Structures are given as structure tokens and as C-alpha cells.
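# Structural description and commentary
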Amino acid sequence: MVLSQFRFVEVGRVAYISYGPDAGKLAVIVDVIDQNRALVDGPCSGVSRKQMNFKALELTSIVMKIPRGLRPGNLRKAWEKQEVQKKWDSTTWAQKIANKKKRAQLTDFDRFKLMKAKQARNRLINVEFGKLRKTVKRPAPRLRKKKSVKK
Amino acid sequence: TKAAKPKAAAAKPAAKKQTQARLVKKTIGGDKNGGHRLVRKTRMSRYYPTEDKPRKLRSRKTAFSKHKHSLRSSITPGTVLILVAGRHKGKRVVFLKQLDSGLLLVTGPFHLNGCPLRRINQIYTIATKTKLDISGVKLPERLNDKYFNRKQLKKPRHTEGEIFDTKKEVYTVSDERKEDQVAVDKQILDVIRKNKEKKLLFGYLGSMFSLGSRQYPHKMVF
């Protein structure tokens, strides 16, 4: 067990709120209250300073360098200085969420265009694959001995 | 009759002819009763209604011609609709206008998906967000509800020896329908050709709509 493979709950850990009224927003763990709860604040993402159960928080890979209990005003400055939003947007996690949202907003015509685009891409892929297949020397297929028919 | 007598007496000097017509002398048999009476020729009515013009009670039934037809705000001229029921279910068609009966007038266009100029009820359509600019399209004047009414086909008359010989009259498309179809479709195809995504639009209108797994209509945007 290598400790560096884990994301720890710590002051400054940026978390993604998975459910509740603030679902989908980012917040920073400003302090730990007890075994189950943290004091959480997201001044730039619309999360007011509040206690939250860890169950609702999904830890991201972003950690801010802030002192424990940093007040909202200074927290906002730190958030903007440390470019938390930028770091988050560049993660695949955030991109996946954005793509899901986009897909949900596709109109019927968009879905048709997507289908056509996929078909065109797959045709290109299959053509290349076919070419590759022909270049590989395949071993002669092993013939299975036919079972002799008993007379 | 007692009331009638003084009336007659008063009217007599004024219009002799009238009183004589209104009242009639009737003889009465028996003695000691005056012998005759002046009786009205035409009897007075037994019933007088309290209202001269009785008011009709309000009925909530309205005739179809007086119905108000609303149209979903998502359906505007040029919208691509998905037909969900009927002969052309699954097809994507172009909405032209709402007729007086409230039904929607649509066209395939016919060359793209085989749907002709047709009426459909808006409840059997899904309005998509795709809209064509139909402001320049002129529809023939004669396209109204009467034009689209079903024609009564003559049923074959069964005569003695000809039960299976007489052919049933089959519906054939009239020439004026073909004319109108060509006229309207030409304009609509021109509109599509001017569009940036014309190739995809042609394919789109020619294809059928279907739901796949994990596609839930209430969650989808059309």
C-alpha cells in the first residue's frame, strides 16, 4: 500500500459534491469537524460555508495550500490565485461531466449528425484495419481431422 | 261575459265593425238567464308565460366550428415534426401551417420520405428543435380542410350475376393533389438547398425516427 496512491481528506482538498442541493459544485475542505463531517466552502462555485458529510464529497486530485479555517474572503483570493477552476477543467473527470451534459442537450437532428459522423469515422477505421489485416502473414489454419464415420 | 259587455259598449261608438267581429251573440236556452250572451269569438289564452322571450339556459356544449384551436408553442411553420402514429409513423416531416379545423398541414417532402401534403393532429407529433425558414414559401390557396376531406368511394352494388365482377372503387390521387404537391415541395426543397447543412438535412428528413435502449423520451431533447 503506497500512501501516495490515495487522495486524503485534508485542509485544502478540493472536493466535488456528488448529491444534495449543491450537487455538481466544487468546494474546499476548510476544516474537519469529526469523523463524518467537514467544514466546506466554495466561494467561487456558489457553495456557502457549511458542514458536509464526507459521503457527499468526492475527493479530487487538487489540493490547495491554505491554512485551517481560512475565512471566505481570503479563501476566494486563494482559489483564484491557485487557479483551482482551471486545474479542474483540465481533468478528464470534468471533461466527462461536460460531455455528458452536452449529450443530454443534443436535439434529434444533432443525434442524427452524430450517428452519421460515427459511421464516417468507423468506415475510415475499418478501411485502415482491412489494409493492416492484409499485410500480416497469417499462419495456415489448422485443419481438424474429421471424425471417421464408422461403417 | 259581464266584463266583455261594458268593453263592447265602450268600443261600440268607436269602431262598430271591429266589436261586431270580436264578439259574438250566443243564444242560451232555458228561462230567467238573459236569453243571450255576448261571447268573444276567439278565446283568450289559458297560459301566459312569465317571460316574453324566454332565455336559453347556458350550455357548455359548443359546436366544432366554434372551437378554439391552440397550437403548441414549439410548433411553428417550418418546424420538423416526428410523426408518432398513423401510416407515416416514424417519419420526419415539415410543418406548413395549421388549418381552420386545428389540424396541422404537413408535407414530407414527398420525394424524401413518401409523406404527401397531409393533415395530422398535433397530438401525434413530436416537435423537434430543427426549423426551416419557410417565410418565403407560398402555399396554394385551395389547401384547406375541405380539400383534404375524405371522399366517399362508391360501394359496388351487388346485382344478381355480378357480385364478384364489379370492382371496388380504389382511391386514386387526383391531379390537383399532384400539382399542389409538386408546387409546395419544390419551394421547400429550395429552402433546404439554401441551408448550410443541406446534405445532412436531406438525409435527416429521409430517415426514420426510432428509440434505442437507454433512450428515454422524457429525458431527451428533441
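An unreviewed UniProt entry lists chain B under the name Large ribosomal subunit protein eL6, with Magallana gigas as the source organism. For chain B, the Subunit (unreviewed entry) comment in UniProt is given as "Component of the large ribosomal subunit. May bind IPO9 with low affinity."

Chain A is annotated in an unreviewed UniProt entry as Large ribosomal subunit protein eL14 of Magallana gigas. Recorded in UniProt under Sequence similarities (unreviewed entry), the annotation for chain A is "Belongs to the eukaryotic ribosomal protein eL14 family."

### Considering the pairing of strand β5 (residues 104-107) of chain B
Residue and element names in this part refer to chain B. Taking every second residue as pointing to the same face, both faces of β5 are buried, with Leu-104 and Val-106 on one and Leu-105 and Thr-107 on the other. Where strand β4 (residues 92-98) and β5 come together, four bridges link them in antiparallel fashion. Residue pairing across strands places Lys-97 opposite Leu-105, the latter belonging to β5. Counting the residues between successive antiparallel strands, the hairpin from β4 to β5 contains five residues, one of them, Gly-102, with a positive phi of roughly 100 degrees. In this structure, β5 lies alongside strand β6 (residues 118-120), joined through three bridges in antiparallel fashion. When the bridges of β6 are listed, Val-106 appears paired with Arg-118.

### Looking at the interface of chain B and chain A
Taken together, the 17 residues of chain B in the interface contact ten residues of chain A. For the pair chain B and chain A, the summed buried surface comes to about 1,000 Å²; carbon and sulfur atoms form 62% of the total. Three residues, Leu-200, Tyr-204 and Val-221 of chain B, lead the burial of chain B against chain A; their summed loss comes to 48% of the area buried on that side. Across the contact surface, chain B and chain A share two salt bridges.

### What to know about the sheet that holds β4 of chain B
Residue and element names in this part refer to chain B. Taking strand neighbours across the sheet as the criterion, the five strands line up as β6-β5-β4-β3-β7 in an open arrangement whose pairing is antiparallel. Every other strand in the sheet has two partners, leaving β6 and β7 (125-131) as the edge strands with one partner each. Along the sheet, successive strands turn relative to each other by an average axial angle of 45 degrees, direction set aside. Where helix α5 (residues 175-194) meets the sheet, its contacts fall on β4 and β5, and the angle it forms with β5 comes to roughly 75 degrees.

### A short note on the domain arrangement of chain A
As assigned here, chain A comprises domain 1 (13-90) and domain 2 (103-132). Each of domain 1 of chain A and domain 2 of chain A has a C-alpha centre, and the two are 39 Å apart.

### Comments concerning the UniProt feature "domain: Large ribosomal subunit protein eL14" (unreviewed entry) in chain A
Here, the residues flagged by UniProt with the feature "domain: Large ribosomal subunit protein eL14" (unreviewed entry) are residues 49-122 of chain A. Secondary structure across residues 49-122 of chain A divides into 59% helix and 16% strand, with the first and last C-alpha atoms of the span separated by 49 Å.

### A word on the packing of aromatic side chains
All names here are of chain A. Counted by the stated rule, this structure contains eight aromatic pairs over all chains. Relative to Trp-93, the ring of Trp-88 has its centre 5.2 Å away and its plane inclined at 70 degrees; by these criteria the two rings are edge-to-face. Note on Trp-88: relative accessible area 7%, which makes it buried. Here Trp-93 falls in the partly exposed class, since its relative accessible area comes to 25%.

Cut-off values and rules
As a convention, each chain's residues are numbered from 1 in the sequence order in which they are written. As a convention, the first chain written is A and the first ligand written is 1, with the rest following in written order. Local features in this predicted model are restricted to residues whose pLDDT is 70 or higher, and side-chain atom pairs enter the listing and the counts only when it is 80 or higher, whereas totals over whole chains, interfaces and linings include all residues. Water and hydrogen atoms were dropped before computing side-chain values, which therefore reflect all heavy atoms in the structure. UniProt positions are given in the numbering used here, feature names are shortened, and annotations may be inferred rather than shown by experiment. Between buried and exposed lies partly exposed: a residue is buried under 20% and exposed over 50% of the maximum accessible area for its type, with that area taken using a 1.4 Å probe on protein chains only. In DSSP terms, a helix is any run of H or I states spanning at least four residues, a strand is any run of E spanning at least two, and both are numbered starting from the N terminus. When DSSP finds two or more bridges between two strands, those strands count as paired. Here, two residues are considered to be in contact whenever any of their heavy atoms come within 4.5 Å of each other. By convention, the term buried area covers the 1.4 Å-probe accessible surface removed from two parts as they join, with the contributions of both added. By definition here, a salt bridge exists when the distance from a side-chain nitrogen of Lys or Arg to a carboxyl oxygen of Asp or Glu is within 4 Å. Axis definition: a line fitted to C-alpha atoms, over the contacting stretch in the case of helices. Angles run 0 to 180 degrees between N-to-C directions. Bear in mind that the domain bounds are from an automatic or database domain assignment. Stacked, edge-to-face and tilted are the three classes for Phe, Tyr and Trp ring pairs, Trp counted by its six-membered ring, which pair at centre distances within 6.5 Å; planes under 30 degrees apart are stacked, over 60 edge-to-face, the rest tilted.

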